[in-house]
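A look at the structure
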Amino acid sequence: EADIYQTPRYLVIGTGKKITLECSQTMGHDKMYWYQQDPGMELHLIHYSYGVNSTEKGDLSSESTVSRIRTEHFPLTLESARPSHTSQYLCASSVGPREKLFFGSGTQLSVL
Amino acid sequence: AQKVTQAQTEISVVEKEDVTLDCVYETRDTTYYLFWYKQPPSGELVFLIRRNSFDEQNEISGRYSWNFQKSTSSFNFTITASQVVDSAVYFCALSGTTSGTYKYIFGTGTRLKVLA
């Protein structure tokens, strides 16, 4: 049912590398979100967007950045990855607060 | 401020037992929406139900039922005759339109273990 895609599914990289986590949706949703989650733990909102050229920081401070140049695309970038960035990153989208969030499969990031 | 509290961190039950997962929320919005999601060991978040603040009817879907009570700001989730496949982390979430924002606030989750 979900038409929201995240790549890669798993990523293992060394400290200091620059990485971009991809998130795309084909539903035309304006609202998109990035959550960070340790396995089975709380979801922390780190970034969100209400539409093209709109991005906001979430409730959890993050060293990552995001961009929203196209409606369907909401990539997350880490300029210099560190072991503390090891986590699962979940992308989500919705048409608005009345409707459910659609989640991607997530990217499990491990920084060595 | 908006907040969702899931006080039960972890619950273990034996298969076929009934189990209720609690969710208490706080919001100043008069119109808001509540959700339940399931996260099995595979990690994907699966949508279970949405409820708006104007509809206090309880809902039943198979073995699942939800009890929404505005008077106590609660939106509890009951699984009847639990099965091993119900083992997962369950999240309650709240969305509203306070100050024009459209955030979804999640609780900390309740890990349910159903033992065979």
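**Observations regarding the pattern of salt bridges**
On inspection of all chains with the given rule, the structure shows nine salt bridges over all chains. Measuring nitrogen to oxygen at the nearest pair gives 3.3 Å for the salt bridge that ties Arg50 of chain B to Glu99 of chain A. With Arg50 of chain B in strand β6 (residues 46-52) and Glu99 of chain A in the loop between β9 (87-94) and β10 (102-103), the pair connects residues from two separate chains. Ionic pairing is found between Asp86 of chain B and Arg63 of chain B, a salt bridge with its closest N-O pair at 2.8 Å. Taken together, the residues Asp86 of chain B in the loop between β9 (74-79) and β10 (88-95) and Arg63 of chain B in the loop between β7 (59-61) and β8 (64-69) connect sequence positions 23 residues apart. The class for Arg63 of chain B is partly exposed, based on a relative accessible area of 24%. Among the charged side chains, a network of salt bridges with common partners joins Arg51, Asp55 and Glu59 of chain B.

**Digging into the interface of chain A and chain B**
Where interface size is given, it is often the accessible area lost as the parts come together that is meant. Taken residue by residue, the interface counts 25 residues in chain A and 25 residues in chain B. Buried area between chain A and chain B, both sides added, is near 2,000 Å², and the carbon and sulfur share of it is 56%. The largest per-residue losses of area from chain A upon contact with chain B belong to Pro97, Arg98 and Lys100 of chain A, which jointly make up 27% of the total buried on that side. Connecting chain A to chain B are two salt bridges. Between the two partners, chain A and chain B, sit 12 residue pairs in polar contact (both at pLDDT 80 or more). Of all elements in the fold, only β4 (31-37), β5 (43-51) and β9 of chain A reach the threshold of two or more residues within the side of chain A that touches chain B. A breakdown of the residues in the side of chain A that touches chain B according to their chemical character gives 12 nonpolar, six polar and seven charged.

**Remarks on the layout of surface pockets**
Taken as a whole, the largest pocket spans an internal volume of roughly 290 Å³. In terms of lining residues, the largest pocket is bounded by 18 residues, among which Pro39 and Gly40 of chain A together with Pro40, Pro41 and Gly43 of chain B are the most central. Breaking the lining of the largest pocket down by element, the ones donating at least two residues are β10 and β12 (110-115) of chain B. Counting residues per element, the lining of the largest pocket draws most heavily on β12 of chain B, at three residues. Among the residues making up the lining of the largest pocket, the classes are represented as seven nonpolar, eight polar and three charged.

**Quick notes on the pairing of β4 of chain A**
All names here are of chain A. Buried residues dominate β4, accounting for seven of its seven residues. The alternating pattern of β4 places Lys31, Tyr33, Tyr35 and Gln37 and Met32, Trp34 and Gln36 on opposite faces, both of which are buried. Here β4 runs beside β9; their pairing, made up of seven bridges, is antiparallel. In the strand pairing of β9, Met32 is matched with Ser93. Two elements, β4 and β5, share six bridges in a ladder whose sense is antiparallel. Paired with Met32 across the strands is Ser49, a residue of β5. Between β4 and β5, which pair antiparallel one after the other, the connecting turn spans five residues, and Gly40 there sits at a positive phi close to 70°.

**Here we look at the side chain of Thr78 of chain B**
All names here are of chain B. Tracing the backbone shows Thr78 in strand β9. Side-chain polar atoms of Thr78 contact the side chain of Thr20, separated by 2.8 Å. When near neighbours in sequence (up to four residues on either side) are disregarded, Thr78 contacts Val19, Thr20, Arg63, Tyr64 and Ser65.

Conventions adopted
Residues numbered from 1 in each chain as written. Chains lettered and ligands numbered in written order. Predicted model: local features only at pLDDT ≥ 70, side-chain atom pairs only at ≥ 80, totals over all residues. Heavy atoms only, no water. Salt bridge = Lys/Arg side-chain N within 4 Å of Asp/Glu carboxyl O. Helix = DSSP H or I, 4+ residues; strand = E, 2+ residues; numbered from the N terminus. Buried < 20%, exposed > 50% of the residue type's maximum accessible area, 1.4 Å probe, protein only. Contact = heavy atoms within 4.5 Å. Buried area = accessible area lost by both parts, 1.4 Å probe. Polar contact = N/O pair within 3.5 Å; in protein donor to acceptor, adjacent residues only side chain to side chain. Nonpolar A, V, L, I, M, F, W, Y, C, P; charged D, E, K, R; others polar. 1 Å grid on protein atoms, 1.4 Å probe; cavity = no way out; pocket = protein on both sides within 12 Å on 5 of 7 lines; lining within 4 Å. Points joined across faces, edges and corners; volume = space filled by probe spheres on them. Pairing = 2+ DSSP bridges.

Don't take any of this as a statement about function, it's just geometry.
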